[in-house]
Amino acid sequence: MRIEIPRECERLGAVQIYGLQKVYELAGGRDFGNAEPSHSDVIRRISSEAIYERQKDMAIVVPVKNERLKLIEGVLVGIPHPCQIIVVSNSSRAPVDRFKIEKDAIQNFCKFTNKRVMVVHQKDPGVAKAIELAGYTELLGEDGLVRSGKAEGMIMGTLLAKFLDNKYIGFVDSDNYFPGAVHEYVQEYAAGFEMFDSKNTFVRISWHSKPKVMESSLFFAKWGRSSVHSNRTLNRLLSYFSGYETEVVKTGNAGEHALTLDLALSIEYAAGYAVETHHYINLLEMYGGMLPQSDEGNEIRDNVTICQIESRNPHLHESKGDEHVEDMIDASLSVIYHSPLCPELLKREIAEERAQRMSLAEAEGPAKVKVYSNLRNLNLDTFLEHCDAAFSSKTEALSLV
Ligand code: GDP
Ligand code: CO
């Protein structure tokens with residue numbers, strides 16, 4: 001892969017946010033050793049060997065909820081072979097056991113590819129028990145099982161990635177129509193970790209375009225409706241602290257992202273549509289140096305690097321209607337609005353713009369969303385031990401293909 005080096009960087013305390021990086025070549029060729037031909041200083045070449053080395057320590061979590069099998073299979077086709085795949089499914093089990101059908105299809109697929117795939121249901125009682133014994137009960141519902149929702153599935157996937165001893169974790173949705181796009185995201189995750197080789201690296205993808213049919217021809221839109229709002233508001237927050245206007249944040253809503261497992265185990269996940277924006281907010285809260293830190297904050301002063309890469313494939317996923325756009329905007333602005341970092345001035349702006357957008361008589365901030373505390377509150381050793389037991393007893397819902 002060939003990627004331009006970032007042009008800009010905003011620093012707040014220990015957080016470094018690098019500007020968007022363009023991809024110039026999807027495959028950059030193999031390692032040339034000492035005889036590597038020289039190339040421009042502004043383009044970084046990342047060899048296929050370097051990408052392989054990162055991917056063999058990487059888990060890719062694929063959240064699924066009642067998606068079409070053809071779509072799921074396409075996503076698996078796109079994930080590079082060295083990666084460990086973890087499918088976390090919350091598909092229905094009755095009247096038709098869709099989960100079983102998914103598991104059979106994936107198992108069959110694995111016969112052809114020999115891929116490392118773990119398939120687990122979000123309501124698996126063995127994993128829930130391990131989470132409960134490890135003291136992280138906030139993730140569990142009244143039935144003692146992991147709550148429904150994509151963010152909850154992501155947290156479960158994070159824990160399983162740790163269980164399987166991975167160093168990096170990436171996420172790709174299961175409703176992506178293009179295996180080539182999925183492949184590109186995972187290559188870019190690896191490239192990001194190669195370029196920013198640190199304990200706390202966060203790689204976020206900004207889609208180059210999203211195809212839409214407009215008046216019977218194709219139109220390639222650049223920004224989704226809700227990402228415009230979250231990016232602008234996050235940039236305003238940064239500008240407030242630095243005193244300089246900035247547009248550095250382009251991935252406030254990036255569902256396609258990857259991070260070091262160390263970092264994944266120490267940041268908060270918000271529920272629902274707020275999860276991605278909250279990652280930025282939580283990193284700024286914890287590492288930005290603007291808020292007073294508790295004593296346990298001492299060991300978390302390492303730098304955090306956020307790297308943003310612009311993918312080349314168009315992004316096309318299953319269309320589930322547009323009616324949730326306002327909820328999505330509300331959720332992602334909510335975590336900014338309710339953060340202790342958010343200055344009064346920005347709160348007022350968020351509320352006023354919201355009133356205008358939704359034609360409300362009074363300016364009011366968005367409702368608070370649920371935020372899960374970070375996984376440092378879970379006893380990892382206890383979790384791993386009981387997860388091991390869940391595996392070896394081969395509970396029906398948990399299978400390692
Ligand atoms: P959008 O792309 O943000 O509009 O949201 P989607 O509805 O496409 O969901 C994103 C991904 O999360 C898809 O792959 C869904 O199948 C998956 N998903 C949605 N809800 C859940 C859930 O409760 N649990 C899990 N594990 N995955 C979910
Ligand atoms: Co989708």
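Before reading on, note that the structure itself is shown above.
Please read these numbers as outputs of a predicted model, since none were measured by experiment.

**Student:** Mind showing me how you'd approach the nonpolar core here?
**Tutor:** Taken as a class, soluble globular proteins show a tendency for nonpolar side chains to be buried jointly. With 68 residues, the main nonpolar core has Ile 131 and Phe 383 as its most contacted residues. Examining the composition of this core, we find that 8 residues originate from one element, helix 5 (residues 150–163), more than from any other. With sequence-adjacent residues up to four places away left out, Phe 383 is seen in contact with Val 127, Ala 130, Ile 131, Ala 134, Leu 159, Phe 163 and Leu 378.

**Student:** Help me understand the coordination of the cobalt ion (ligand 2) in this model?
**Tutor:** For a metal bound by four donors in tetrahedral geometry, the ideal donor-metal-donor angle is 109.5 degrees, whereas six donors in octahedral geometry ideally sit at 90 or 180 degrees. Of the protein atoms, only Asp 175 (OD) and His 317 (ND1) coordinate the cobalt ion (ligand 2), at distances of 2.1 Å. Metal-centred angles of 80 to 165° between the 4 donor atoms at the cobalt ion (ligand 2) mark the site as square planar. Here Asp 175, found in the loop between strand 8 (168–171) and helix 6 (179–195), pairs with His 317, found in the loop between strand 14 (304–310) and helix 10 (325–337); they are 142 residues apart in sequence, far enough to count as distant. Residue Asp 175 is classed as buried on the basis of its relative accessible area, which comes to 5%.

**Student:** Even after reading the chapter, I still don't get a nonpolar patch on the surface, so can you show me in this structure?
**Tutor:** On the surface, a nonpolar cluster with roughly 230 Å² of combined accessible area is contributed by Leu 69, Val 96 and Ile 101. Counting through the fold element by element, Ile 101 comes out in helix 3 (residues 98–113).

**Student:** I tried to follow helix 11 (residues 344–357) on my own but got confused; where do I start?
**Tutor:** Working note: α-helix, 3.6 residues per turn, so residues spaced by three or four point in the same direction. For helix 11, with 14 residues, the first-to-last C-alpha span of 20 Å sits near the 20 Å given by 1.5 Å per residue. Where helix 11 is concerned, the buried positions are Leu 346, Ile 350, Ala 351, Arg 354 and Ala 355. For helix 11, the secondary structure elements touched by its buried residues are helix 7 (225–242) and helix 10. Immediately downstream of helix 11, the backbone of Ser 359 shows phi near 50°, a positive value.

**Student:** Just to check I follow, could you spell out the pairing of strand 5 (residues 58–64) for this structure?
**Tutor:** Each regular strand displays side chains that alternate between the two surfaces of the sheet. Most of strand 5 sits out of view: 7 of its 7 residues are buried. As paired strands, strand 5 and strand 8 are joined by 4 bridges and run parallel to one another. Bridge pairing in strand 8 places Met 58 opposite Tyr 168. Each parallel crossover has a hand, and for strand 5 linked through helix 2 (residues 69–78) to strand 6 (residues 84–89) it is right-handed.

Conventions and cut-offs
Residues numbered from 1 in each chain as written. Chains lettered and ligands numbered in written order. Predicted model: local features only at pLDDT ≥ 70, side-chain atom pairs only at ≥ 80, totals over all residues. Heavy atoms only, no water. Core = buried A, V, L, I, M, F, W, Y, C linked by side-chain atoms within 4.5 Å. Buried < 20%, exposed > 50% of the residue type's maximum accessible area, 1.4 Å probe, protein only. Helix = DSSP H or I, 4+ residues; strand = E, 2+ residues; numbered from the N terminus. Contact = heavy atoms within 4.5 Å. Donors = N, O, S within 2.8 Å, 3.2 Å for Na, K, Ca; no water. Tetrahedral: all angles 85-135°; square planar, octahedral: opposite > 155°, others 65-115°. Patch = residues over 30% accessible without salt bridge, like charges linked within 9 Å, V, L, I, M, F, W, Y side chains within 5 Å. Areas by Shrake-Rupley, 256 points an atom, 1.4 Å probe, with all protein chains shown as cover. Salt bridge = Lys/Arg side-chain N within 4 Å of Asp/Glu carboxyl O. Expected span 1.5 Å × (residues − 1). Pairing = 2+ DSSP bridges. Right-handed = clockwise from strand over helix to strand, strands pointing away.

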